[in-house]
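The chain contents come next:
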Amino acid sequence: MHIVIVEDEPIIAQRLKRQIGEILEAEKPIIKWFDDIEDANEYLTQQSIDLLMLDLNLHGENGFDLLKDVSAQSFHTIIVSAYSEQAITAFEFGVLDFVAKPFQKERLQAALTRFTDKSSHASNELKQLAVKKHDGLSFIKIADINFIKADSHYTQLHMNTCDFALHDKPIDKLAMLLPEQFVRVHRSYIVDINKVIELKIGSGASYQLLMQDNNEVPVSRSRYQQIKSLLS
Amino acid sequence: MKIYNLLITFVLLLLSTRAIAQDTNVQEKKYLQILGEGARVSHELAANCHDVNLDDSEWPQFNLSQIAEYKHYCIRIPVTISQEHVPRYTILRAIFLGSAKFYWDGKYIAAKGKPGLDLDSEQVGPIELTVPLSATELSQGQHLLTLALSTYHHIEDMHAIYYGMILTSKNIKQGFNFQQKIIPLMLAGAMFLLAVFFALIYFLYDRRPAFIIFSCLCFFSGALIGLEVIKYFWNYPWDFHILRLRIIILNVLLTGMALIAYYLFYYQIKRKVIWLSFTLLCFIALALFSPSYDIKSLSIFVLALVISLLINVLAYRKNHPSSLIHLSILIAGFLLMVILPFSFIDKWFAALFSFIALANLYSLMIQFGNEKTKAMQSLRLEAQMLRRNLQPHFLMNSLTLIVEWVETEPKLAVKFIDALADEFRLLNTMSEQKLVPWLDERALCQKHFEIMQYRYQKQIQLNIDVSQSDFLIPPAIIHTVIENVFSHNRIKNGDIFDIHVSQNDSMHIKITTPFRNKNHKGTGIGEDYIKTRLTESFNTHWSFESAAKNDTWQTDIKFPLIKKPR
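Residues numbered from 1 in each chain as written. Chains lettered and ligands numbered in written order. Predicted model: local features only at pLDDT ≥ 70, side-chain atom pairs only at ≥ 80, totals over all residues. Heavy atoms only, no water.

## So, helix α4 (residues 240-266) of chain B
Move 1: Look at α4 of chain B: 38 Å from first C-alpha to last across 27 residues, which is about the 39 Å you get at 1.5 Å a residue.
Move 2: Once α4 of chain B finishes, Q268 of chain B follows within two positions and takes phi at roughly 50°, a positive value. (Helix = DSSP H or I, 4+ residues; strand = E, 2+ residues; numbered from the N terminus. Expected span 1.5 Å × (residues − 1).)

Set out below in structure tokens:
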């Protein structure tokens, strides 16, 4: 397990390092500390990591810049910041959790549990997701998403309007950020269960979900029973 | 815009003076006959002076305007009534500075004091005499007015002491008086009110010399108008007239001085004593050597205006905000002086003053507004200064530090809390003041530096090089500079913060700090705070420069030296 801390105050970084080490003792994590966005960015483009602990104000620079810069966010991010009013923005950037300073070990533990427990859903009410476009960031409302399809390291967010946007998190990571109504129906598909019109049974024991945008989403055989019970 | 200003002032002033000057055009419709033609005089004590049958053809002809001081006269004036019916209530009206007994056709009709042959035997009467004459007395044909007249109670040689003698119908006098009285009275009232108003402003609100001087100016000009109109209400003894003229001249002189002093203090012109003594000398010279009282007043007025104009031009060139409006009023006043007839000079002057008073009130209101804004700004600055240490970044990070140390190194936590408390205390006491002693500011900077050293755990150095520490500085401005460095730059071991203070007539503080932020935007809330504080205390007399220099950030602050009171 590879964890990076970006924090400009050494004592706080030391506290994070110490407490993460204690909480994830069994995982034997490698923890790397940077006090500057530039250095961290350089490291993140070269190394693949599992978790980023990010402060939002580093010598007057905005921590979010790092999330904008790092190309494929194959890792999860937990924000540790004094600016609790930034929490909403943070979740829009697809972060896993927001820990406000000053923090206690218990709070940090709760955040890290969400990281380690793959089946957990975001406890927060995530309203929208940040999507990178050629001209900057744009935001997609969660309520507008019909289903999500895996696209190699990215994901396609299919919306009511029949078009889709690319999100730069793999489907496994994204699944952890989404609210409860988003259900994994297939290795490569997540649907908003409230937007399913009907469950169709095709030839050769294949199953499809007809969505509100008239697209059909495959359901894997292993998950059929679960989906059927959810819909009935 | 500027020309409009001048035009509007000019038109308003013209209208107001026109309104005042209206009384000139009173039509004398009824009856008027000027007496004095063919008068003959004898300086002898003629017992038969009033005898109708006396043959005075040997007596010299006499022009009444030549009546002089310290003399006794017997004057015989033939009066020809050409109209068949002179209106009823026709009166004889006589105004001159002398005592006299009046006889009509040899018959005694009235006395104005008691004429005599010397100072002791002469008794002073009123300046003006009005005697009603009956229809019989004013019958068509030849009549004779004879006067025993003496002028011993004068205190100085006047050039003219005879003002006129007329037969007139009464109504003219009444109509004439009403219009002439009411407007000057209103003006005088307004002036006294303004005098009280500005005196109250001075004593209760703001002890600025310009206010009390303006109060005096209003009082003097009110008194001037009062002295001018007193003649309509009080038929004073003729020997008081000269005293009155002297008081008027004194008043004119005081008014002129007050006007100039007002502008000197209002614009805070240097070398006031020189200006004032020069003006006073000129005024005294004019008062002593001008030929007549009218010319004395006029010349003093004009000189006072010229000097005021000069001061206003100086102020205008220094861009004093309200100099333009005052300048407009004065220039308009000058133009009016040329346009209006000479005799309205006193009213014109009063009108001019009312406009200066208006301009003054206007700038006072502007000042009130500014002060209100300033007071609000001070509150804002105070709040801003206190809030800075309550910023989440500062406060929450510090608290995180404390939490960490409480768990790991409690003693360090205690020290850190102490340092934070010290900084808060200093900020709190300093925030309410506009200027604080340098030593307080220095202590604040050192405390903040100490806290940042705890937080960043770096070997960094703060050097303060100052020769004299007895000056005042707006609170927390150097503190803000240091704070900005920490929040915008990555601090590394061995970094040095240099503060160099040099002091001569003004203060120059040079702050050299580390600079590692390539995309620094420059101005921020911190810089605004510093500039607002400097403006609050030094108006425009300060400079603030902040720029990257080589690998450092250099901040230069200059402001006037204000010594710390002992």
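## A closer look at helix α2 (residues 37-46) of chain A
Residues and elements named next belong to chain A.
Move 1: Along α2, the residues that are buried comprise I37, A40, N41, Y43 and L44. The buried side chains of α2 occupy one side of the element, clustering within an arc of 165° when seen end-on. Exposed positions of α2 whose direction lies more than 90 degrees from the buried face are E38, E42, T45 and Q46.
Move 2: Regarding α2, its N-cap is D36, as a side-chain oxygen of that residue lies 3.0 Å from the backbone nitrogen of E38 further along. (Buried < 20%, exposed > 50% of the residue type's maximum accessible area, 1.4 Å probe, protein only. Arc of directions from axis to C-beta. Polar contact = N/O pair within 3.5 Å; in protein donor to acceptor, adjacent residues only side chain to side chain.)

## Quick look at the interface of chain B and chain A
Move 1: Across the boundary between the two partners, chain B contributes 23 residues, which contact 22 residues of chain A.
Move 2: With both sides pooled, the region where chain B packs onto chain A buries about 2,000 Å², and carbon together with sulfur makes up 53% of that total.
Move 3: Of all residues in chain B, H393, E404 and R490 of chain B give up the largest surface area on contact with chain A, accounting jointly for 29% of the area buried on that side.
Move 4: Taken together, chain B and chain A are joined by eight salt bridges.
Move 5: One can count 11 residue pairs in polar contact (both at pLDDT 80 or more) joining chain B with chain A.
Move 6: Listing elements by their share of the side of chain B that touches chain A, those giving two or more residues are α9 (392-408), α11 (438-456) and α12 (477-488) of chain B.
Move 7: Here the side of chain B that touches chain A gets 12 residues from one element, more than from any other, and that element is α9 of chain B.
Move 8: Looking at the side of chain B that touches chain A residue by residue, the class counts come to eight nonpolar, 10 polar and five charged. (Contact = heavy atoms within 4.5 Å. Buried area = accessible area lost by both parts, 1.4 Å probe. Salt bridge = Lys/Arg side-chain N within 4 Å of Asp/Glu carboxyl O. Nonpolar A, V, L, I, M, F, W, Y, C, P; charged D, E, K, R; others polar.)

## Points about the packing of α4 of chain B against helix α5 (residues 272-289) of chain B
All names here are of chain B.
Move 1: Viewed as axis vectors pointing N to C, α4 and α5 meet at an angle of 160°, and their least axial separation amounts to 10 Å. Considering the angle they form, α4 stands roughly antiparallel to α5. Here the hand of the crossing between α4 and α5 comes out right-handed. Residues I249, L253, G256, M257, I260, A261, L264 and F265 of α4 form the contact with α5, whose own contacting residues are K272, W275, L276, T279, L280, F283, I284 and A287. (Axes fitted to C-alpha atoms, helices over the stretch in contact; angles between N-to-C directions. Parallel < 35°, antiparallel > 145°, perpendicular 65-115°, else oblique. Left-handed = near helix turned anticlockwise from the far one by under 90°.)

## Some details on the packing of aromatic side chains
Residues and elements named next belong to chain B.
Move 1: Applying the stated criterion across every chain yields a total of 33 aromatic pairs over all chains.
Move 2: Between Y202 and F203, the aromatic rings sit 5.0 Å apart at their centres with planes inclined by 80°, giving edge-to-face as the arrangement.
Move 3: Judged by relative accessible area, F203 falls into the partly exposed class, the value being 46%.
Move 4: Look at W405 and F416: their rings are 5.6 Å apart centre to centre, the planes differ by 80°, and that puts the pair in the edge-to-face class. Of this pair, W405 sits in helix α9 while F416 sits in helix α10 (residues 410-431), and the two are 11 residues apart along the sequence.
Move 5: For W405, a relative accessible area of 1% gives the class buried.
Move 6: Judged by its relative accessible area of 0%, F416 falls in the buried class. (Phe/Tyr/Trp six-rings, centres within 6.5 Å; stacked < 30°, edge-to-face > 60°.)

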